[in-house]
Amino acid sequence: MNFDAFKFLAPKPWPDAVEIVLVAFVIYRFLLFLVGTRAIQILVGVIILALGYFVALFARFTMISTLLGIVFTYGAFVAVVVFQPELRNALARLGQSRLMRAFARGDRQSVAEEIAEALDRLSRAGTGAIIAVEGDIGLEEFITTGVPMEAKVSADLVTTIFTPYSPLHDGAVLIRGDQIIGAGAVLPLTQFKVADKSLGTRHRAALGLSEETDATVLVVSEETSTISIASHGVLHRPLTPQQVRDLLSGAVTHLEGGERVTAAAG
């Protein structure tokens, strides 16, 4: 017998293990992209249909299995249409991953300059504003509290959104990479007692979001026109537009002089 013809059946522990890990990682990242979106509900529906298909095959329900077979045959084309927004957002998030950030330093610098310019204009005009720049933790759940957007970050657009008496003036602008993904969003207020009574709702919302996520939240005070940044429950103030630019562009990794203005209740 020629055993050489069956060599491909011999186990290959290391390649197989690596392949399994890679496939599991891809599936895990794919599910993370879907969490918090409409697509996760559609995925559950697809799984239910798949289970129904196998049950129909086992029970020999010919009509049901045939119809479901047709659905799955052409389902890939339907999925591209149905999942179009989620696929677009997933690809955008992939572009903002740590692996790809090294290739987008120019865009990061440009976004930092646009945000700093907008804050400078708003501060000079005494217009209140709050901007949340997404970190590794997604802000999808807050987009639905306001108005979803897909617009490139620009100082003119950010300034216009916070124009007094506009419908989106009181909410937060959400930024992911170089895109504004939401405006007029409602953010969670900090659950801790704020020692500084001069801090208004915007500052409390900035602290609340920074406590729940790793987002960098920038605030322009309507009362004092000062610029503040909330990060990991710590408030940095007052800041200059240049400091904001340096922080968002990555020229500096942290700011000195931050203060924790909240304390545990009770």
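Presented here is an overview of the structure given in this document. What you see is a predicted model, and the numbers here were worked out from it, not measured in a lab.

## A look at the overall build of the chain
No. 1: Across its full length, the chain holds 10 helices and nine strands.
No. 2: Look at the contacts in the chain between residues 6 or more apart in sequence, and 61% of them connect residues 24 or more apart.

## Concerning the side chain of S210
No. 1: In this fold, S210 is placed in helix α9 (residues 201-212).
No. 2: When neighbours within four sequence positions are excluded, S210 is seen to be in contact with A215, V217, A230, S231, H232 and G233.

## Description of the packing of aromatic side chains
No. 1: Under the definition given, this model contains one aromatic pair.
No. 2: Centroid distance Y53 to F54: 5.7 Å. Interplanar angle 65°. Geometry classified as edge-to-face.
No. 3: On the basis of relative accessible area, F54 is assigned to the exposed category, the value being 53%.

## Details of helix α10 (residues 241-249)
No. 1: Along α10, the residues classified as buried are V244, R245, L247, L248 and S249.
No. 2: Backbone geometry just after α10 places G250 at a positive phi near 90°.

## Here's the deal with the pattern of salt bridges
No. 1: According to the stated counting rule, one finds eight salt bridges in the structure shown.
No. 2: Of the charged contacts, one joins R121 and D156 as a salt bridge, the two residues approaching to 2.6 Å between their closest N and O atoms. Of this pair, R121 sits in helix α6 (residues 105-125) while D156 sits in helix α8 (residues 155-161), placing them 35 residues apart in sequence.
No. 3: Notably, a salt bridge pairs E134 with R176, separated by 2.6 Å at the nearest N-O pair. With E134 in the loop between β1 (129-133) and α7 (140-143) and R176 in strand β3 (residues 172-176), this residue pair connects regions lying 42 residues apart in the sequence. Accessibility assignment for this pair places E134 and R176 in one class, buried.
No. 4: Here the salt bridges do not stand alone but share partners, grouping E117, R121 and D156 into one network.

Conventions adopted
- Residues numbered from 1 in each chain as written.
- Predicted model: local features only at pLDDT ≥ 70, side-chain atom pairs only at ≥ 80, totals over all residues.
- Heavy atoms only, no water.
- Helix = DSSP H or I, 4+ residues; strand = E, 2+ residues; numbered from the N terminus.
- Contact = heavy atoms within 4.5 Å.
- Phe/Tyr/Trp six-rings, centres within 6.5 Å; stacked < 30°, edge-to-face > 60°.
- Buried < 20%, exposed > 50% of the residue type's maximum accessible area, 1.4 Å probe, protein only.
- Salt bridge = Lys/Arg side-chain N within 4 Å of Asp/Glu carboxyl O.

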